[in-house]
Amino acid sequence: MSKVQSVILETNPHRPVNFNEKAVSKVLEESYLIADVKEDGVRLNLCVEPFESVHRVHWLSREGKEFPALNEQLPLALDDRWPGFFETDEALFPEGFMLDAELRIDDLPCKDIAGTLRRHQAIDLSRLKVIVFGIVPMSVVRSGQDYDVTHSVMKYHVEYQVKLLQERFPEIAWSVVESMDCFSMQEVDTFYESVRERKLEGVVLKDPNGIYKRSKQSGMWKMVPDDNEDGKVVGLVWGTPGLANEGKVIGFEVLLESGHVVNACKISKALMDEFTKKVMDHTGYDAQDIESIVYGMGSSLVDCENPYHDHTVRVTFMERYPDGSLRHPSFDSFRGISEPTIKE
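As the structure is a computational prediction, the values presented were derived from the model and not from experiment.

A. Quick peek at a nonpolar patch on the surface. A cluster of nonpolar side chains, F51, V54 and L78, forms an exposed patch at the surface whose accessible area comes to about 280 Å². With respect to the secondary-structure elements, V54 resides in strand 4 (residues 54–60). For V54, a relative accessible area of 34% gives the class partly exposed.

In structure tokens:
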């Protein structure tokens, strides 16, 4: 069983809500929208704080937990370059700051990034890409309050701070999120389509006069294809008796965030073997026991001892029907990093 990661600091960052054309159009009537490219990475809250003779540096998920792989080395912690970074007139936030960013590792897709971060193996810093879209003083982070600086101003704070990080810590690829100011829905749609053509995830729209809030709140909207949804495992799906995958876990029953329960299958043979073995190891049942339970008494006995229960997962699908159900839902990946039941 993996070691549960403790919360280092409840950063509680501003998270975008689902796209709402009415709300977005209202902002456009009054001003414009900041459209940030939504990178297919892992949310990073990088906290740097002067503390007596050392500087505390924590690479945290949006849940405030350190990533196991980065926890092995804590990049830039106890680095003697920090005093020079803070003790000059160039320091934007002398009391420390939190970068709100997307973390990429080389050009790996999100699910492989999450898997790499779950492992307790150090990562070469040259592989890290930190794409920054927000910055908040540490005093505000610790207070848990909203940050009364507009998104239109914050983007300049981000550009300034990233430039300093690039100069002082060049071993990591720091960059500012790609962004565009849009003054109409047509410009929003054109930018979104161009982003999708480049096989990127989508965009995040920001009200330029809105401020950085805490948790999932309006003022930021994510505009992504309606082809995936997150949820939690509530049961196991077993292979059909008499067919090749009899006695194997072929997927999961998933309670989606929308409230629907779907069978998310279409996994590889290797994952079937991995998931089935874990169930056997966890329950102590052998293949004959499982076949007897699943195909004789029903799967409730095994499911109540399901080692994947409540694991957060991403489900992909072809389309969403009017009633909210999904066409061809498939298991994509686990969403937990520091802890399997927490989406990060």
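B. Quick peek at the sheet that holds strand 5 (residues 97–105). The strand order 4-3-5-6-8 describes an open sheet built from five strands, whose pairing is mixed. Each edge of the open sheet carries a strand with a single partner, namely strand 4 and strand 8 (173–176). Averaged over neighbouring strand pairs, the angle between their axes works out to 30 degrees when direction is ignored. As paired elements, strand 5 and strand 6 (residues 128–137) share nine bridges and run antiparallel to each other. Note on strand 6: the bridge partner recorded for M98 is V136. Packed on one face of the sheet, helix 6 (residues 151–168) meets strand 5, strand 6 and strand 8 and runs near 130 degrees to strand 6.

C. Fine view of the sheet that holds strand 1 (residues 14–18). With respect to topology, five strands assemble into an open sheet ordered 1-12-10-2-9, the strand pairing being mixed. What marks the edges here is a single partner per strand, and that holds for strand 1 and strand 9 (179–182). Taking each pair of neighbouring strands and ignoring which way they run, the sheet shows an average axis angle of 40 degrees. Both strand 1 and strand 12 (residues 215–223) contribute to a ladder of four bridges, which runs parallel. Bridged to V17 within strand 12 is W221. Together, strand 1, strand 2 (33–38), strand 9, strand 10 (202–206) and strand 12 form the strand contacts of helix 6, whose direction differs from that of strand 2 by roughly 45 degrees. Docked against the sheet, helix 7 (residues 185–197) engages strand 2, strand 9, strand 10 and strand 12, running at close to 150 degrees with respect to strand 10.

D. Quick peek at the nonpolar core. In terms of nonpolar packing, the biggest core is built from 49 residues, with W59, W82, F97, L117, L128, V130 and W174 touching the most fellow members. For this core, the element with the most residues is strand 5, which contributes six residues. When sequence neighbours within four positions are dropped, the list of residues in contact with L128 reads W59, L70, L103, R104, I105, I123, I172 and A173. In terms of nonpolar packing, the next biggest core, distinct from the first, is built from 25 residues, I250, I267, V279 and V313 among them.

What counts as what
- Residues numbered from 1 in each chain as written.
- Predicted model: local features only at pLDDT ≥ 70, side-chain atom pairs only at ≥ 80, totals over all residues.
- Heavy atoms only, no water.
- Patch = residues over 30% accessible without salt bridge, like charges linked within 9 Å, V, L, I, M, F, W, Y side chains within 5 Å.
- Areas by Shrake-Rupley, 256 points an atom, 1.4 Å probe, with all protein chains shown as cover.
- Salt bridge = Lys/Arg side-chain N within 4 Å of Asp/Glu carboxyl O.
- Helix = DSSP H or I, 4+ residues; strand = E, 2+ residues; numbered from the N terminus.
- Buried < 20%, exposed > 50% of the residue type's maximum accessible area, 1.4 Å probe, protein only.
- Pairing = 2+ DSSP bridges.
- Axes fitted to C-alpha atoms, helices over the stretch in contact; angles between N-to-C directions.
- Contact = heavy atoms within 4.5 Å.
- Core = buried A, V, L, I, M, F, W, Y, C linked by side-chain atoms within 4.5 Å.

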